[in-house]
Every structure is written in C-alpha cells, then in structure tokens.
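For reference, the chains in residue letters:
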Amino acid sequence: MTDNTSRERDDAATDGGVASAGAAQTHRDTDYLSEEVNLLKPSTAYMRDHLRIVWAGFIVWALAVFGPVTLTMLAPGPMTTTTVPVLGFPLHYFLVAFGAPTSALVLAAVYARQRDKLDDKYGIEHTAAEPADSGSVDNGGQQG
C-alpha cells in the first residue's frame, strides 16, 4: 500500500527544483526498508529523481552496447567495409571493442556526478564512521 502523504510532503518541500531543509529532513525520516519499491512509481521524490538518472543511464548504455551490433546486422556493407582511418580496424569492430567499454566508463563518471548533485539537492551527507576506540588510532593500535 502506498503512503501518499510522504509524496505530498516531498513535493510541498521543494520549490522550483530546489530542496528546502524540510525535504532533507523528510528524507532522513523515511524508513526505506518499509517503503514500497516500485520502479515505475517510486514512493519518494528522492527515489523518483534517482530512478530518472538510472533509467537514462540504462538507455544510453543499451544504445552504446547494442547499437553497433544492430547496425552491423541492418547495414552490413558500410559497417564491415568502412575502416577507422587511424588504426585501420573495421568500423563495427572498433565501435564494439573500443566504444562500448569507453562509454561504460563515461557513464560511470556521469552517474557519480549526477548522484552527488542529487545528494546535495536533498541534503544527504556521506561521512566516514568514527572508530569505536579513537585511542587505538593514535597509538598504532597499542593498548596503553
């Protein structure tokens, strides 16, 4: 069952795409383990924005990976006879062997940057946890 009150709070807490302190607090107060997860209708504004980034990346990845293969099947003449001027490889080989892995690296960097922007928008901070015994860090782990 979907709780529409949390969605209304999230939508009311944003002003023109700029999150207020209320949106960050709502995000912190949301128990994501008990929220309904639906990839087509996310329950919170943060999940909606995050899934928009994920789906856009998935579409670009699918085009980068399957595009050259599909083009080779649909137009085998130009894809197999055209060579890359610098290396002399056939175009279809170059696009699959170099283009797909390179696009995956670029997509990873774009995803990380977009996710950082999203975290900033909703006031999410990623801090390292403090060690349980801070004295063990200062003296090399020796009990003093």
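Residues numbered from 1 in each chain as written. Predicted model: local features only at pLDDT ≥ 70, side-chain atom pairs only at ≥ 80, totals over all residues. Heavy atoms only, no water.

Enquirer: Any chance you could break down the side chain of T44 for me, citing the residues and the numbers?
Expert: Structurally, the position occupied by T44 is in the loop between α2 (21-29) and α3 (45-74). Classification of T44 as buried rests on a relative accessible area of 1%. Polar contacts involving the side chain of T44 include one to the main-chain amide nitrogen of M47, which spans 3.2 Å. (Helix = DSSP H or I, 4+ residues; strand = E, 2+ residues; numbered from the N terminus. Buried < 20%, exposed > 50% of the residue type's maximum accessible area, 1.4 Å probe, protein only. Polar contact = N/O pair within 3.5 Å; in protein donor to acceptor, adjacent residues only side chain to side chain.)

Enquirer: Tell me about helix α5 (residues 91-121), and name the residues and values.
Expert: With 31 residues, α5 ought to run about 45 Å at 1.5 Å a step, and its terminal C-alpha atoms sit 42 Å apart, in line with that. When the local axis directions of α5 are compared, the greatest deviation, roughly 35°, occurs at G99, which is followed within four positions by the proline P101. Among the residues of α5, those classed as buried are A100, S103, L107, L118 and D119. Elements that come into contact with the buried residues of α5 comprise α3. Just beyond α5, the residue with positive phi is G123, at close to 70°. (Expected span 1.5 Å × (residues − 1). Bend = angle between axes of the 7 residues up to and from the residue. Contact = heavy atoms within 4.5 Å.)

Enquirer: Go over the packing of α3 against α5 with me, naming the residues and quoting the values.
Expert: The interhelical angle for the contact between α3 and α5, taken along N-to-C directions, is 175°, at an axis separation of 10 Å. Classified by the angle their axes make, α3 and α5 are roughly antiparallel. Of the residues assigned to the contact of α3 with α5, the class counts are 15 nonpolar, 6 polar and 4 charged. (Axes fitted to C-alpha atoms, helices over the stretch in contact; angles between N-to-C directions. Parallel < 35°, antiparallel > 145°, perpendicular 65-115°, else oblique. Nonpolar A, V, L, I, M, F, W, Y, C, P; charged D, E, K, R; others polar.)

Enquirer: Before we move on, could you go through α3 and cite the residues and values that matter?
Expert: Spanning 30 residues, α3 covers 41 Å between terminal C-alpha atoms, matching the ideal 44 Å at 1.5 Å per step. When the local axis directions of α3 are compared, the greatest deviation, roughly 40°, occurs at F66, which is followed within four positions by the proline P68. Within α3 the residues assigned to the buried category are A45, Y46, M47, D49, H50, L51, I53, A64, P68 and T72.

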